Amino acid sequence: MLSRNYKVLFSLRLLKSILTNFVDVFLVLYFINVSNNNILPLGIYKLVAMVTVWLVIFLSRNYCKSKNRVWLMRIGIVMYFIYFLAIILLKEQVVNYIYLIGLLYGLEEGFYYSVYNTIESDGIENKDREKYLGTYNGCKNIVSIIFPLFFGSLIQNSGFINTIIFVLVIVALEIILSIILKDSNIPKGNKTNLKEFKNVMKEHPELKSIIRTNICSGLTYSGGALSYVITIYIIKVFSESVSLGIFTSIFSVISIIIGFLFVKVIKPKYYIKLLGATLPITIILLCIMLLNCNFVTVVLYNLFQTISKLLSDLIRERNVFNFSNIETIKREYKVEYFLTLETALFIGRVISNTLFILMAFLDANFIMAIFVVFVILQAISVIKLQSDMNKCNEVN
């Protein structure tokens, strides 16, 4: 029997995925349109947001160990409401207030994720992790079929700003769920101790693999610039909101299948083989798409990218959260653990988003070649992470 907290955490994450999908796809399209295809405002917005995210997480680290820590997540959800409300009020003038919008988004993500990962780690036992992640990704991609079509049609018929009013309803549901959530497993102590956590890291060398993978994720898809660079390439081919929604929905079907396989079929010992088969093809197709962006190359790249990225994310998240529940980290150093991983993501994100801004001034092909290298590094890091974890499990 699943606990109420399990269901609440699952629902919160699912609603968050709908909002993230909206921001990553349709908000990028809106920014590009209102800025006359100038990528600089989008780059500044993302960089301001990513810096703000890390600052909030770092500055709130001690409060994350208090019994009232769940309020940080609630503040983050309220900030999401304010963020979307600001976009409604500013309309086409949003590009003139890009620093403000980036700050609001950064405050939302920072407050939300300052405690969410810790709370989810506490609320989901390791033995349920594969089922939780696989089921979540399956459900996430079901709603990712429905909502892009819905949002795309709504934007075309009613406009982007009117569509955000519906998005506010989803944020309101998040607020209600966060109130229902019951926090548990409050960490020991009331202050973080990063120096002592460094000693813990020395006892677990496999942590280095997790940190490297997070840096590479920040360089590419997890808050990195590559996700919206790819969205821009897709927009070149599918320029209308409805077409973009259909495209996004189709590839969500593939993700549903992979999520199901992760729960029912795929065993950890096969992860490396699957990644070794899909990641090289994804990298080759990325290069082809960058050289010749058309309907065929975009579809082929996204087909394999959907498979390899979802596998990589599932593997990374499974190992990250499982490792957070080992005895030396579980009760005393979980906040320090996730802060360290967020710092690794931050390093990758700053480099990635800075490169995206430089695309407005330098040769775009040169910058994209660097992003291809980042994808290769990310592929190597995920395979190395799973290999190290397999060795760790054999020893234990």
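Numbering of residues starts from 1 in every chain and runs along the sequence as written. Side-chain atom pairs in this predicted model are given and counted only at pLDDT of 80 or more, local residue features only at pLDDT of at least 70, and totals for whole chains, interfaces and linings cover all residues. No hydrogens and no water enter the side-chain calculation; it runs on all heavy atoms of the structure.

Participant: Explanation requested: the nonpolar core in the structure shown.
Facilitator: Soluble globular proteins tend to pack their nonpolar side chains together in the buried interior. In this text, buried Ala, Val, Leu, Ile, Met, Phe, Trp, Tyr and Cys residues form a nonpolar core when linked through side-chain atoms within 4.5 Å. Exposure classes here rest on a 1.4 Å probe applied to the protein chains alone. A residue is buried below 20% of its type maximum, exposed above 50%, and partly exposed in between. If you look at the biggest cluster of nonpolar residues, it comprises 107 residues, and the most contacted ones within it are Tyr 45, Tyr 83, Phe 84 and Phe 160. By definition, any uninterrupted DSSP run of H or I lasting at least four residues is a helix, any uninterrupted run of E lasting at least two residues is a strand, and each is numbered from the N terminus. No other element matches helix α1 (residues 4–34), which puts 19 residues into this core. Of all hydrophobic cores here, the second largest spans 16 residues; its members include Phe 197, Val 200, Phe 321 and Phe 338.

Participant: Just checking my understanding: could you explain the packing of helix α11 (residues 271–291) against helix α12 (residues 295–323) for this structure?
Facilitator: A packed helix pair is summarised by two numbers, namely the angle formed by the two axes and the spacing between the axes. Only the stretch in contact is used when a helix axis is fitted, and all axes are lines through C-alpha atoms; the angle between N-to-C directions ranges over 0 to 180 degrees. With their axes 8 Å apart at the nearest point, α11 and α12 run at an angle of 140° to one another. Of the two elements, α11 crosses α12, and the hand of that crossing is left-handed. Residues Tyr 271, Leu 274, Leu 275, Thr 278, Leu 279, Ile 281, Thr 282, Leu 285, Leu 286, Ile 288 and Met 289 of α11 lie in contact with α12, whose contacting residues are Thr 297, Val 298, Leu 300, Tyr 301, Phe 304, Gln 305, Ile 307, Ser 308, Leu 311, Ser 312, Ile 315 and Arg 318. Residue polarity is assigned by list, with Asp, Glu, Lys and Arg as charged and Ala, Val, Leu, Ile, Met, Phe, Trp, Tyr, Cys and Pro as nonpolar; anything else, Gly included, falls into the polar class. When grouped by side-chain class, the residues that make up the contact of α11 with α12 number 16 nonpolar, six polar and one charged. For a crossing to be left-handed, the near helix must be turned anticlockwise from the far one by less than a right angle; the clockwise case is right-handed. Working rule for contacts: check all heavy atoms of both residues, and any pair within 4.5 Å makes them a contact.

Participant: Before we go on, may I ask you to explain the environment of Gly 348 in this structure?
Facilitator: Mapped onto the elements of the fold, Gly 348 is located in helix α14 (residues 334–358). On the basis of relative accessibility, which here comes to 0%, the residue Gly 348 falls in the buried class. Placed 129 residues apart in sequence, Gly 348 and Leu 219 show a C-alpha to C-alpha distance of 4.3 Å. Once you skip the residues sitting within four places of it in the chain, Gly 348 turns out to touch Ile 215, Gly 218 and Leu 219.

Participant: For this particular structure, what's the right way to read the side chain of Thr 52?
Facilitator: Looking at the element boundaries, Thr 52 is found in helix α2 (residues 40–59). Exposure remark for Thr 52: the relative accessible area of 10% places this residue in the buried category. The residues touching Thr 52, leaving out its near neighbours within four places in the chain, are Leu 103, Gly 106 and Leu 107.

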